[in-house]
Amino acid sequence: MGLKKNILYSGFLTTSLYIFHFITYPYVSRVLGVTNVGICNYVQSIVQYFTYISMLGITSLGVREIAKAKGDARRLHETFSQLFTLNIGFTIFALTLYVVLIETLPALIPYRRLLYIGATQILFTAFAVEWLFTGLEDFKYITIRTTLVRSAYVISIFLFVKEQSDYTLYFLIYSLMIIATGVINWQYRRRFVRYSFQPLGTLKPYVKPLVFLGSQFILTSMYTTFNTMFLGMACGDTEVGYYTTATKIEQIILALYASVTLVIMPRISALIEEQKEEEIVRMLKKSFNLLFAFAFPCGIFSEFFAPEMVWLIAGPGFEGAILPMRIIMPLLLLIGIEQVLVIQILTPSRADRQVFINAALGATCSVVLNFLVVPRMMSVGSAISWVICELVVFSSALYFVRKINREYTSFGDMLRHVVWFAPLCLLLWGCYWLDFVPWLSFGVGLVVTAGYTHVALRYGIRNKAYEDILGMIKKKLHLGGRGSAER
């Protein structure tokens with residue numbers, strides 16, 4: 001399947017997830033309330049932390065190795081079996097440690113029921129083998145399956161979650177979605193690979209990169225998942241509700257770009273193997289332009305209209321999420337660039353040691369800042385801590401990438417976007433003069449942002465990635481219209 005089709009499938013998938021979040025989260029936050037949302041997100045952060053341990057570096061390593069082996073059936077079967085054997089071993093270890101902590105830590109006793117439900121997520125995430133389908137670039141299947149499973153999840157939320165006390169049921173439904181994904185994926189993978197237990201000696205080549213990449217994921221969680229865990233322990237469930245609402249909005253927007261990153265990563269892995277430097281630079285330029293095309297308008301709009309966005313997403317009672325959201329929003333650009341540097345360049349280049357150092361710096365920064373800032377500033381402190389950690393990680397990743405090839409990180413295009421989008425700040429500030437009519441400024445600001453973004457990208461900056469997307473849409477519409485006429 002071609003790269004453009006993969007990007008369209010992945011883009012459709014992420015857009016649908018975006019819609020699902022906007023359908024369910026406003027409903028859930030209003031029904032459960034800020035404290036119960038905080039409880040579910042606190043428990044989910046613990047589950048996610050142990051999922052990182054169980055998966056270790058299989059997400060990145062699996063995509064990379066499957067992408068290299070997919071032309072050879074025998075090698076593909078062996079590679080999959082070896083990686084899955086390692087994955088199951090680490091999953092058993094993670095689940096054992098998880099249960100021991102649930103039974104021994106007094107702080108976790110109030111959440112024991114939810115934590116045991118969450119254990120199913122850790123187990124079935126291993127059987128989902130998402131890295132196999134990403135490495136094979138089977139994004140059509142990933143899109144169809146995820147859309148169907150998520151649709152069932154959304155319907156279940158509206159059918160069964162009716163009052164504040166239903167937060168356990170809400171968490172159970174989310175876990176059942178993970179279980180369903182694991183079961184469906186494990187059956188579907190039979191079309192491509194079979195599983196056979198591998199001798200321990202054959203696993204040795206993967207252990208070192210798996211440990212490096214896995215450590216990176218675990219350390220990275222120190223300034224993402226750990227923030228939520230520490231905030232819950234230090235400040236309570238309500239502050240977690242504020243912080244996770246702010247991060248939820250940022251993560252929903254950033255997920256649009258992450259879908260493109262996952263599509264491009266296996267393709268760049270193959271190009272690095274073939275040493276096609278010019279093609280690599282071209283694809284990285286496209287990645288950066290896609291990022292700039294949505295990060296600048298979305299980030300600027302979100303800074304001005306954070307109160308309205310928090311109300312739309314979470315409803316009344318979540319006003320404490322507004323300031324953390326405004327602090328976090330610059331991460332749209334920062335994390336987007338990091339994804340290019342780490343996922344599209346360092347990981348395919350097998351710079352596992354550099355990726356590990358990156359994550360270690362971020363984790364160290366996170367632990368220090370959380371203990372210093374969060375007990376006094378609560379959810380705002382967590383937001384500040386996250387932004388500073390990402391700045392440290394960005395600086396480190398940029399240093400390592402420029403040592404590989406300075407042509408990979410030409411930021412001239414970013415400067416052009418900064419210059420062209422600066423006037424949008426003035427235009428949105430002017431929209432506040434319309435604030436005497438409720439929500440009028442928000443609606444006008446949305447229209448102004450969309451219109452200005454199109455003009456700036458199409459006629460001012462001439463963003464090639466944006467022009468390609470417009471071209472594909474026009475082509476689809478033209479073909480669709482012609483097909484209807486013929487019928």
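Residues numbered from 1 in each chain as written. Predicted model: local features only at pLDDT ≥ 70, side-chain atom pairs only at ≥ 80, totals over all residues. Heavy atoms only, no water.

Some points on the overall build of the protein
Working step 1: Scanning the protein from terminus to terminus reveals 18 helices and zero strands.
Working step 2: Counting all 487 residues of the protein, 55% fall into the buried class.
Working step 3: Pairs at least 24 apart in sequence give 83% of the contacts found in the protein among residues at least 6 apart.
Working step 4: A total accessible area of about 21400 Å² is found for the protein, and carbon and sulfur atoms account for 68% of it. (Helix = DSSP H or I, 4+ residues; strand = E, 2+ residues; numbered from the N terminus. Buried < 20%, exposed > 50% of the residue type's maximum accessible area, 1.4 Å probe, protein only. Contact = heavy atoms within 4.5 Å. Areas by Shrake-Rupley, 256 points an atom, 1.4 Å probe, with all protein chains shown as cover.)

Regarding the pattern of salt bridges
Working step 1: Tallied over the entire structure, the rule returns three salt bridges.
Working step 2: Here Arg74 and Glu78 are joined by a salt bridge, their closest N and O atoms 2.9 Å apart. With Arg74 and Glu78 both in helix α3 (residues 73-104), this residue pair falls four residues apart, about one helical turn.
Working step 3: Arg74 gets classed as exposed once you look at its relative accessible area, which sits at 54%.
Working step 4: Arg112 is the salt-bridge partner of Glu103, the closest N and O atoms lying 3.9 Å from each other.
Working step 5: Taking the relative accessible area as the measure of exposure, Glu103 reaches 42% and is therefore partly exposed. (Salt bridge = Lys/Arg side-chain N within 4 Å of Asp/Glu carboxyl O.)

Brief notes about the packing of helix α14 (residues 331-346) against helix α15 (residues 352-404)
Working step 1: Between α14 and α15, the least distance of the axes is 10 Å, while the angle of their chain directions is 40°. Judged on the interaxial angle alone, α15 and α14 are oblique. Here α14 runs over α15; the crossing is left-handed.
Working step 2: For the contact of α14 with α15, the residue count by class is 19 nonpolar, one polar and two charged. (Axes fitted to C-alpha atoms, helices over the stretch in contact; angles between N-to-C directions. Parallel < 35°, antiparallel > 145°, perpendicular 65-115°, else oblique. Left-handed = near helix turned anticlockwise from the far one by under 90°. Nonpolar A, V, L, I, M, F, W, Y, C, P; charged D, E, K, R; others polar.)

A closer look at the packing of α3 against helix α4 (residues 112-128)
Working step 1: Between α3 and α4, the shortest axis-to-axis distance is 9 Å and the interhelical angle comes to 175°. The angle between the axes of α3 and α4 places the two elements in the roughly antiparallel class. Residues Phe84, Asn87, Ile88, Thr91, Leu95, Tyr98, Val99, Ile102 and Glu103 of α3 pack against Arg112, Leu115, Tyr116, Gly118, Ala119, Ile122, Leu123, Ala126 and Phe127 of α4.
Working step 2: Here the contact of α3 with α4 is composed, by residue class, of 13 nonpolar, three polar and two charged.

Some thoughts on the nonpolar core
A general trend in soluble globular proteins is that nonpolar side chains are found buried together.
Working step 1: Counting 133 residues, the largest nonpolar core has Phe80, Tyr98, Trp131, Leu132, Leu341 and Phe421 as the members making the most contacts within it.
Working step 2: Broken down by element, the residue count for this core peaks at 17 residues, all from helix α1 (residues 3-55).
Working step 3: For Phe421, the residues in contact, after removing those within four places along its chain, are Phe296, Pro297, Ile300, Tyr452, Thr453, Ala456, Leu457 and Ile461. (Core = buried A, V, L, I, M, F, W, Y, C linked by side-chain atoms within 4.5 Å.)

Comments concerning the packing of aromatic side chains
Working step 1: Counted under the stated rule, the structure contains 26 aromatic pairs.
Working step 2: Centre to centre, the rings of Tyr188 and Phe192 are 5.5 Å apart; their planes meet at 65°, and the pair counts as edge-to-face.
Working step 3: Exposure remark for Tyr188: the relative accessible area of 16% places this residue in the buried category.
Working step 4: One residue, Arg150, lies across the ring of Tyr153, its end atom 5.9 Å from the ring centre.
Working step 5: Just above the ring of Trp186 sits the side chain of Arg189; from NZ or CZ to the centre is 4.0 Å. (Phe/Tyr/Trp six-rings, centres within 6.5 Å; stacked < 30°, edge-to-face > 60°. Lys NZ or Arg CZ within 6 Å of the ring centre and 35° of its normal.)

So, the side chain of Ser396
Working step 1: Tracing the backbone through its elements, the reader meets Ser396 in helix α15.
Working step 2: With residues up to four places along the chain from it excluded, the contact list for Ser396 reads Asn358 and Leu361.

Focus: the environment of Cys298
Working step 1: Position of Cys298 relative to the elements: it lies in helix α11 (residues 277-304).
Working step 2: Expressed as a C-alpha distance, the spacing of Cys298 and Leu332, which sit 34 residues apart in the sequence, is 8.3 Å.

A few points about α15
Working step 1: Under the 1.5 Å per step criterion, the end-to-end length of α15 is only 13 Å for 53 residues, more than 12% shorter than the ideal 78 Å.
Working step 2: A maximum bend of about 145° is found in α15 at Met378. (Expected span 1.5 Å × (residues − 1). Bend = angle between axes of the 7 residues up to and from the residue.)

Side note on the environment of Ile335
Working step 1: Structurally, Ile335 is set in helix α14.
Working step 2: With 44 residues separating them along the chain, Ile335 and Leu291 place their C-alpha atoms 10.0 Å apart.

Examining helix α17 (residues 440-460)
Working step 1: Between its first and last C-alpha atoms α17 spans 28 Å; for 21 residues at 1.5 Å apiece the expected length is 30 Å, and the two agree.
Working step 2: Burial in α17 covers these residues: Ser441, Phe442, Gly445, Thr449, Tyr452, Thr453, Ala456 and Leu457. Buried residues along α17 cover an arc of 115° about the axis, so they all sit on one side. When the buried face of α17 is taken as reference, the exposed residues oriented beyond 90 degrees from it are Val447 and Tyr459. (Arc of directions from axis to C-beta.)

Details of the confidence of the model for the protein
Working step 1: Across the protein, the average pLDDT comes to 80, with 85% of residues at or above 70.
Working step 2: Averaged pLDDT values over the elements of the protein bottom out at 64 in helix α18 (residues 464-486) and peak at 93 in α4. (pLDDT = per-residue confidence, 0-100.)

Notes on unusual backbone geometry
Working step 1: The phi dihedral of Met378 is positive, around 55°, even though this residue is not glycine.
Working step 2: Relative accessible area serves as the criterion here: at 34%, Met378 is assigned to the partly exposed category.

Section: a nonpolar patch on the surface
Working step 1: Residues Leu415, Val418, Val419 and Trp420 make up a contiguous nonpolar surface patch of about 390 Å² in total accessible area.
Working step 2: Tracing the sequence through the fold places Val419 in helix α16 (residues 412-431).
Working step 3: Classification of Val419 as exposed rests on a relative accessible area of 54%. (Patch = residues over 30% accessible without salt bridge, like charges linked within 9 Å, V, L, I, M, F, W, Y side chains within 5 Å.)

Some remarks on the side chain of Asn36
Working step 1: For Asn36, the position within the fold is in helix α1.
Working step 2: Residue class for Asn36 comes out buried when judged on its relative accessible area of 12%.
Working step 3: Not counting chain neighbours up to four residues away, the residues in contact with Asn36 comprise Gln164 and Tyr167.

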